[in-house]
Amino acid sequence: MPMAIVTFLVLLLSVFEHSAFGEPFDVRQHLSTASRYDAVKDIAGHAFLPSNVPDGCSPIHLNLVARHGTRSPTKKRMRELDNLATHLESLLKDVKEQNLSLKNVPSWLWGWTSPWKGKLKGGELTDAGEDELYHLGIRIRERFPDLFSEEYHPDVFTIKATQVPRASASAVAFGMGLFSGRGSLGPGHQRAFAVISESRASDILLRFFDCCKNYKEFRKSQEPAVDKLKEPIIDEINAALKKRYKLNFTRQDTSSLWFLCKQEASLLDITDQACGLFSPSEVALLEWTDDLELFILKGYGKSLNYKMGVPLLKDVFDSMEQAIEAKEGNYAPGSYEKARLRFAHAETVVPFSCLLGLFLEQSEFKQMQREKPLEYPPKSPQKRNFRGSMVAPFAGNNMLVLYSCPANSSSKYFVQVLHNEHPIPMPGCDNSDLCPFEVFKERIVTPHMNPEYEALCNVKSEKVERKPAPSKLSQLFHWLFPQGNEDDAQSLKCDL
């Protein structure tokens, strides 16, 4: 059989191996946390039959923890793509000068430049990102009309965001959808609403990862080890690309091409250029390396990753208790909060999902609550529950809806958890998405309540590294720019 036919059959088989129910392979569903919300929000990770909310139960409070919508690359990443363009030009020039065969070189590589070349700013919310949050707001209002029927007041519908512009812009887009037609501004009858932001330096509810000294030290120490774990996969795929396209790609080229694939597919809906360089099985492996990094540095890989999110969990739970108090006290409408809506980052959504025990088997949940590290997500093509594209895509979210039920039901109050708008099983509640409030408190919330954030995050380690005293010039710089330049910071500072 001719080699060309063999190669075609291998690629075809690979496509079917990674397709769901015979559907064509869609790379946009395999971009880890770079996945766009609409591409992945309705994908079920496993067969799950949602619970029926008992008859007569009605929602009385909603908590939302959401990631910002689709964003553009940061300045640091845009420079990486500019460097890639320069190196690709050099590789193609060498091929021509040596009179080597060009038949395997994809045509788009000739003269390619980054779509973001020349941009001075990065990391902002895109039009698609605005649209994601705007329509999320509309869908939530339609799904829970009784919760959002009341006239807007900032104490009734609390909206919070981090000070990072893409998060606050996401909150604004969401609010425009949620309250559309409820005001008198412009042809769309919009209304003004308040978005509250805490200082970056002290926001332990939504930016706990940036306020936790011990976490930042842990992550910095682990990043080289994570890179080592990913290297064999990158090297394997790099060798395959070199052989396939007869270009002397480096490991960095392969890594940058994968990043370009994610940006093109997610932001531009281009799937036949950088993404087309990789076979479906290679995409699945690259996706796994991203998910592995997410798991180790932000997820279940270490208890500190999610324990530092306890202030957020406590804030969510406190709001539920206040809602129950208002219900029990028969408070007048407009005198109590009905929804607490938060907009932040993947570094917020992932730990919060872990605190709820999502994407775990029950045995893993018990291990997690003992603060024991879990096994890494199995490598593709094995199935895994923890996938970045489902845990925290752009605009990914967790909603916790508190229901008040009739006296004859098994519990007076229930908590339902929705992930990306779909009911999701909680191992801590016998794999149900609907949990009696007392059980939710006892099994999911209370076990996480110690130690306090300050003790967890800012206790000095036994071995303190001595550093030279900063110069007066550097002291002045840090006084003027306490947060530094986010786009140019190390990956530790690059909020997803």
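In this numbering scheme, every chain counts its residues from 1 along its sequence in written order. Local features in this predicted model are restricted to residues whose pLDDT is 70 or higher, and side-chain atom pairs enter the listing and the counts only when it is 80 or higher, whereas totals over whole chains, interfaces and linings include all residues. The basis for the side-chain values is all heavy atoms of the structure; hydrogens and waters are excluded.

**Q** I keep staring at the overall build of the protein and nothing clicks. Help me out?
**A** Every helix listed is a DSSP run of H or I at least four residues long, and every strand listed is a run of E at least two residues long, numbered separately from the N terminus. Per the secondary structure count, the protein includes 17 helices and seven strands. Expressed as a percentage of the 496 residues in the protein, the buried residues total 50%. Working definition: with a 1.4 Å probe on protein chains only, accessible area under 20% of the residue-type maximum means buried, over 50% means exposed, and in between means partly exposed.

**Q** Would you explain helix 11 (residues 310-328) in this entry?
**A** An α-helix turns once every 3.6 residues. As a result, residues three or four positions apart point the same way. The span you would expect from a helix comes to 1.5 Å times its residue count less one. In a regular helix each residue adds 1.5 Å, so 19 residues correspond to 27 Å; helix 11 covers 27 Å between its end C-alpha atoms and thus fits that length. Those residues of helix 11 that sit buried are Val 310, Pro 311, Leu 312, Leu 313, Asp 315, Val 316, Phe 317, Ser 319, Met 320, Ala 323, Ile 324 and Ala 326. Backbone geometry just downstream of helix 11 places Asn 330 in the positive-phi region, at approximately 55°.

**Q** Any chance you could explain unusual backbone geometry here in plain terms?
**A** It is generally the case that most residues other than glycine have a negative phi and that most peptide bonds are trans. Ser 380 connects to Pro 381 through a cis peptide bond whose omega is 15°. Inspection of the secondary structure puts Pro 381 in the loop between helix 13 (362-369) and helix 14 (388-391). Omega for the bond connecting Asn 450 with Pro 451 falls within 30 degrees of zero, at -5°, which places this linkage in the cis form. With respect to the helices and strands, Pro 451 occurs in the loop between helix 15 (437-445) and helix 16 (453-458). The phi dihedral of Ala 395 falls on the positive side, at around 70°, and the residue is not glycine. Here Ala 395 shows up in the loop between helix 14 and strand 4 (397-404). A relative accessible area of 0% places Ala 395 in the buried class.

**Q** Looking at this structure, how should I read the confidence of the model for the protein?
**A** Any segment with low pLDDT has predicted coordinates that should not be analysed in fine detail. Per residue, pLDDT captures the predictor's confidence, and it can take any value from 0 to 100. Summing up the model confidence of the protein, the mean pLDDT is 89 and the portion of residues at 70 or higher is 88%. Residues count as neighbours in contact if any of their non-hydrogen atoms are within 4.5 Å of one another. Contacts for the low-pLDDT stretch residues 461-469, under 50 throughout, to residues beyond four places or in other chains number zero contacts. This model gives residues 471-492 a pLDDT under 50, and the stretch forms 26 contacts once residues within four places in sequence are excluded.

**Q** Where do I start with the pattern of salt bridges in this structure?
**A** A side chain with one charge can pair with a side chain of the opposite charge if their charged atoms come near. Should a side-chain nitrogen of Lys or Arg be within 4 Å of a carboxyl oxygen of Asp or Glu, the pair is scored as a salt bridge. If you walk through the whole model with that rule in mind, you get 27 salt bridges. Across the pair Glu 337 and Arg 340 runs a salt bridge, and its minimum N-O distance is 3.0 Å. Arg 340 matches Glu 337 in its accessibility class, with the two residues each being buried. Each of the salt bridges in this network shares a partner with another, and the network as a whole consists of Asp 26, Arg 28, Arg 36 and Asp 269.

**Q** Please clarify how the state of the cysteines should be interpreted in this entry.
**A** Formally, a disulfide is one covalent bond, and it connects the sulfur atom of one cysteine to the sulfur atom of another. Two cysteine sulfurs form a disulfide in these notes if their separation is within 2.5 Å. Using the criterion set out here, one finds four disulfides in the structure. With its sulfur 2.0 Å from that of its partner, Cys 57 forms a disulfide with Cys 405. Classification of the bridge connecting Cys 57 and Cys 405 rests on its S-S torsion, roughly 115°, and on that basis the disulfide is right-handed. With Cys 57 in the loop between helix 2 (37-40) and strand 1 (58-67) and Cys 405 in the loop between strand 4 and strand 5 (413-419), the pair connects residues that are 348 residues apart, well separated along the chain. An identical accessibility class is assigned to Cys 57 and Cys 405; each is buried. Cysteines bonded in the protein are numbered consecutively along the chain; their disulfide partners then correspond to 1-5, 2-8, 3-4, 6-7. Free cysteine: Cys 211, not disulfide-bonded; nearest cysteine sulfur from Cys 457 at 8.5 Å. For Cys 211, a relative accessible area of 14% gives the class buried.

**Q** What's the story with the nonpolar core in this structure? I'm lost.
**A** Considering soluble globular proteins, one finds that nonpolar side chains tend to be buried as a cluster. Residues Phe 278, Tyr 300, Met 308, Leu 356, Leu 400, Leu 402 and Phe 440 are the most contacted members of the largest nonpolar core, which totals 99 residues. If we skip the residues at most four places from it in the chain, Leu 356 touches Leu 313, Phe 365, Leu 400, Val 417, Met 426, Phe 440 and Ile 444. We call a set of buried Ala, Val, Leu, Ile, Met, Phe, Trp, Tyr and Cys residues a nonpolar core when their side-chain atoms join them within 4.5 Å. Grouped together as the second largest cluster of nonpolar side chains are 33 residues, Ala 66, Ala 339, Ala 395 and Cys 405 included.

**Q** Explain a negative patch on the surface to me, please; I cannot follow it from the model alone.
**A** Residues forming no salt bridge and having over 30% relative accessible area are the ones grouped into patches, like charges within 9 Å of each other and nonpolar side chains (Val, Leu, Ile, Met, Phe, Trp, Tyr) within 5 Å. Per-residue accessibility takes into account occlusion by the displayed protein chains alone, with areas from the Shrake-Rupley method and a 1.4 Å probe. As used throughout, the charge tally considers Lys and Arg to be positive and Asp and Glu to be negative, leaving His and the chain termini uncounted. One atom stands in for each charge, and that atom is NZ of Lys, CZ of Arg, CG of Asp or CD of Glu. Together, Asp 38, Asp 127, Glu 130 and Asp 131 make up a negatively charged patch on the protein surface. Counting residues per element, the negative patch draws most heavily on helix 4 (residues 127-143), which supplies three residues. By secondary structure assignment, the location of Glu 130 is in helix 4.

**Q** Even after reading the chapter, I still don't get the packing of aromatic side chains, so can you show me in this structure?
**A** We describe a pair of aromatic rings using the distance from one ring centre to the other and the angle between the two ring planes. Note on ring pairs: Phe, Tyr and Trp rings are taken, using the six-membered ring of Trp, and paired if centres are within 6.5 Å. Classes follow the plane angle, with under 30 degrees stacked, over 60 edge-to-face and the rest tilted. Within the structure shown, the criterion is met by 15 aromatic pairs. A ring pair is formed by Trp 108 and Trp 112, whose centres lie 6.2 Å apart and whose planes are at 85°; its orientation type is edge-to-face. The residues Trp 108 and Trp 112 share a single accessibility class, namely buried. As a reminder, the over-ring test applies to NZ of lysine and CZ of arginine, requiring each to be within 6 Å of the ring centre and within 35 degrees of the ring normal. Sitting over the ring of Phe 259, Arg 77 keeps its end group 4.1 Å from the ring centre.

**Q** Can you help me understand the side chain of Arg 141 in this one?
**A** Within the element layout of this structure, Arg 141 appears in helix 4. With residues up to four places along the chain from it excluded, the contact list for Arg 141 reads Phe 148, Gly 177, Leu 178, Phe 179, Ser 180 and Arg 182.

**Q** Is there a simple way to explain the environment of Val 95 in this structure?
**A** Looking at the secondary structure, you find Val 95 in helix 3 (residues 75-97). Along the backbone, Val 95 and Asn 248 are 153 residues apart, and their C-alpha atoms lie at a distance of 9.3 Å. Look past the residues within four positions of Val 95 in its chain and what remains in contact with it is Leu 100, Ser 101, Leu 102, Lys 246 and Leu 247.

**Q** Even after reading the chapter, I still don't get the packing of helix 11 against helix 15, so can you show me in this structure?
**A** Helix packing for two helices is described by the angle between their axes and how far apart those axes are. Between the N-to-C directions of two axes lies an angle of 0 to 180 degrees, each axis being a line fitted to C-alpha atoms and, for a helix, fitted only over the stretch in contact. Interaxial distance between helix 11 and helix 15 falls to 12 Å at its minimum, and their mutual angle equals 160°. Relative to helix 15, the element helix 11 is oriented roughly antiparallel. Crossing of helix 11 over helix 15 shows left-handed handedness. Here Leu 313, Phe 317, Met 320, Glu 321 and Ile 324 of helix 11 come into contact with helix 15, specifically with Phe 437, Phe 440, Lys 441, Ile 444 and Val 445. Should an angle fall under 35 degrees it is called roughly parallel, over 145 degrees roughly antiparallel, and 65 to 115 degrees roughly perpendicular, with every other angle called oblique. Crossings are assigned a handedness: left-handed for a near helix turned anticlockwise from the far helix by less than a right angle, right-handed for a clockwise turn.

**Q** Would you take a moment to explain helix 8 (residues 251-268) for this structure?
**A** With 18 residues, helix 8 ought to run about 26 Å at 1.5 Å a step, and its terminal C-alpha atoms sit 25 Å apart, in line with that. Just downstream of helix 8, Asp 269 is the residue with a positive phi angle, here 60°.

**Q** For this particular structure, what's the right way to read the environment of Asn 397?
**A** Relative to the assigned elements, Asn 397 resides in strand 4. You can call Asn 397 buried: its relative accessible area is 0%. Residues Asn 397 and Lys 41, spaced 356 residues apart in sequence, show a C-alpha to C-alpha distance of 9.7 Å. Polar contacts, as used here, are pairs of N or O atoms within 3.5 Å; protein pairs need one atom able to donate a hydrogen and one able to accept it. Residues neighboring in sequence count only if both atoms are side-chain atoms. Looking at Asn 397, its side chain comes within polar contact range of the side chain of Tyr 37, at 3.1 Å.

**Q** Is there a simple way to think about the pairing of strand 3 (residues 339-344) in this case?
**A** The two faces of a sheet get side chains in turn, since along a regular strand they alternate between them. Across the six residues that make up strand 3, a large majority, six, are buried. Across the two faces of strand 3 the burial is the same, with Ala 339, Leu 341 and Phe 343 and Arg 340, Arg 342 and Ala 344 all buried. Note: strand 1 against strand 3, six bridges, orientation parallel. Within strand 3, the position partnered with Arg 67 by the bridge is Ala 344. Criterion used throughout: strands pair if DSSP finds at least two bridges between them. Relative to strand 3, strand 2 (residues 157-161) runs parallel, the two being bridged by five bridges. Bridge assignment links Phe 157 to a residue of strand 3, and that residue is Ala 339.

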